[in-house]
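Spelled out, the chains give:
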Amino acid sequence: MTDDIVARVVRQWQAVSPGLDTGPMELIGRINRCAALLQQAEDAPLRTAGLNRAEFDLLGAVRRTDRELTPGELARETFSSGAAVTKRLRSLQERGLVERRGDDRDRRVAHVRLTEDGRALVDRLLPEQLAYENAVLSGLDGATRERLSGQLGELLVQLEGRLGAARR
């Protein structure tokens, strides 16, 4: 077993409460710690372009679906709240990366699309971001990455089934 910070925390809990089942902490604690460290790294290529991950995720959602999306669709695609999407879209629109147009039938609905600058930025940044992420994961060999990805995929399906239904 590795001697990471979560292992040390688990040993501390086991010392003060020997009968405690710390198994969930060992997995969820490590997932949370990895996520925190990855967020602290702040995605260097995105930061250099003046974007954060959440903004890039919005731009990427419009680019990969290759069609206009409503703010509600963007919220679902990026696992964000409607308010967060609205705030991010306002910033991206001010920077000339997205455009909004009203719906012809329902004035309450907006449709979001990338501008030419927005599309060019995503197309330029995605390969840089993927290369950065590859470098972050370079300590893991291909088989380990594949196995870990599959296992995390299984966990994600389970969590989406149990916890995702409550959010809908």
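Scroll up a little and you will see the structure.
Residues numbered from 1 in each chain as written. Predicted model: local features only at pLDDT ≥ 70, side-chain atom pairs only at ≥ 80, totals over all residues. Heavy atoms only, no water.

(A) Quick look at the environment of Glu77. Inspection of the secondary structure puts Glu77 in helix 5 (residues 71-78). In the structure, Glu77 is positioned 55 residues away from Thr22 in sequence and 33 Å away in space, judged by C-alpha atoms. The contact partners of Glu77, leaving out residues within four places of it in the chain, are Ala61 and Arg64. (Helix = DSSP H or I, 4+ residues; strand = E, 2+ residues; numbered from the N terminus. Contact = heavy atoms within 4.5 Å.)

(B) Focus on helix 7 (residues 116-136). With 21 residues, helix 7 ought to run about 30 Å at 1.5 Å a step, and its terminal C-alpha atoms sit 30 Å apart, in line with that. Along helix 7, the largest kink reaches about 30° and is centred on Leu125; proline Pro127 follows within four residues of it. Turning to helix 7, its buried residues are Gly118, Leu121, Val122, Leu125 and Gln129. In this structure, the buried side of helix 7 is in contact with helix 3 (44-48), helix 4 (53-65) and strand 2 (110-114). (Expected span 1.5 Å × (residues − 1). Bend = angle between axes of the 7 residues up to and from the residue. Buried < 20%, exposed > 50% of the residue type's maximum accessible area, 1.4 Å probe, protein only.)

(C) Looking closely at the pattern of salt bridges. In total, this model carries 14 salt bridges according to the counting rule given. When the shortest N-O distance is used, the salt bridge between Glu77 and Arg64 registers 2.7 Å. Taken as a pair, Glu77 in helix 5 and Arg64 in helix 4 lie far apart in primary sequence, 13 residues in all. Here Glu77 falls in the partly exposed class, since its relative accessible area comes to 34%. Among the residues examined, Arg64 registers a relative accessible area of 53% and is labelled exposed. Residue Arg124 is joined to Glu128 by a salt bridge in which the shortest nitrogen-to-oxygen separation is 3.4 Å. A residue pair is termed a helical-turn pair when its members lie 3 or 4 positions apart in one helix, as Arg124 and Glu128 do in helix 7 at 4 residues. (Salt bridge = Lys/Arg side-chain N within 4 Å of Asp/Glu carboxyl O.)

(D) Highlighting a nonpolar patch on the surface. Residues Leu27, Ile28, Ile31, Leu38, Val136, Leu137, Leu140, Leu148 and Leu152 make up a contiguous nonpolar surface patch of roughly 720 Å² in combined accessible area. Broken down by secondary-structure element, the contributors of at least two residues to the nonpolar patch are helix 2 (23-40) and helix 8 (142-167). Examining the composition of the nonpolar patch, we find that 4 residues originate from one element, helix 2, more than from any other. Mapped onto the elements of the fold, Leu148 is located in helix 8. (Patch = residues over 30% accessible without salt bridge, like charges linked within 9 Å, V, L, I, M, F, W, Y side chains within 5 Å. Areas by Shrake-Rupley, 256 points an atom, 1.4 Å probe, with all protein chains shown as cover.)

(E) Quick look at the nonpolar core. Ranked by size, the top nonpolar core spans 20 residues in total, and within it Leu51, Leu59, Leu74, Leu89, Leu92 and Val98 carry the most contacts. Those elements giving two or more residues to this core turn out to be helix 4, helix 5, helix 6 (82-94), strand 2 and helix 7. For this core, the element with the highest residue contribution is helix 4, accounting for 5 residues. (Core = buried A, V, L, I, M, F, W, Y, C linked by side-chain atoms within 4.5 Å.)

(F) Local environment of the packing of helix 1 (residues 5-16) against helix 2. Close contact between helix 1 and helix 2 brings their axes to 9 Å; oriented N to C, the two are set at 145°. Crossing of helix 1 against helix 2: the hand is right-handed. Seen from helix 1, the contacting residues are Ile5, Val6, Ala7, Val9, Val10, Trp13 and Gln14; seen from helix 2, they are Met25, Glu26, Gly29, Arg30 and Arg33. Residues of the contact of helix 1 with helix 2, tallied by class, amount to 7 nonpolar, 2 polar and 3 charged. (Axes fitted to C-alpha atoms, helices over the stretch in contact; angles between N-to-C directions. Left-handed = near helix turned anticlockwise from the far one by under 90°. Nonpolar A, V, L, I, M, F, W, Y, C, P; charged D, E, K, R; others polar.)

(G) View of unusual backbone geometry. Here the phi dihedral of Asp66 falls at roughly 55°; this positive angle occurs in a residue that is not glycine. In this structure, Asp66 sits in the loop between helix 4 and helix 5. Residue classification places Asp66 among the exposed residues on the basis of a relative accessible area of 53%. A positive phi angle, near 55°, is found at Phe79, a position not held by glycine. Within the secondary structure, Phe79 sits in the loop between helix 5 and helix 6. On the basis of relative accessible area, Phe79 is assigned to the exposed category, the value being 60%.

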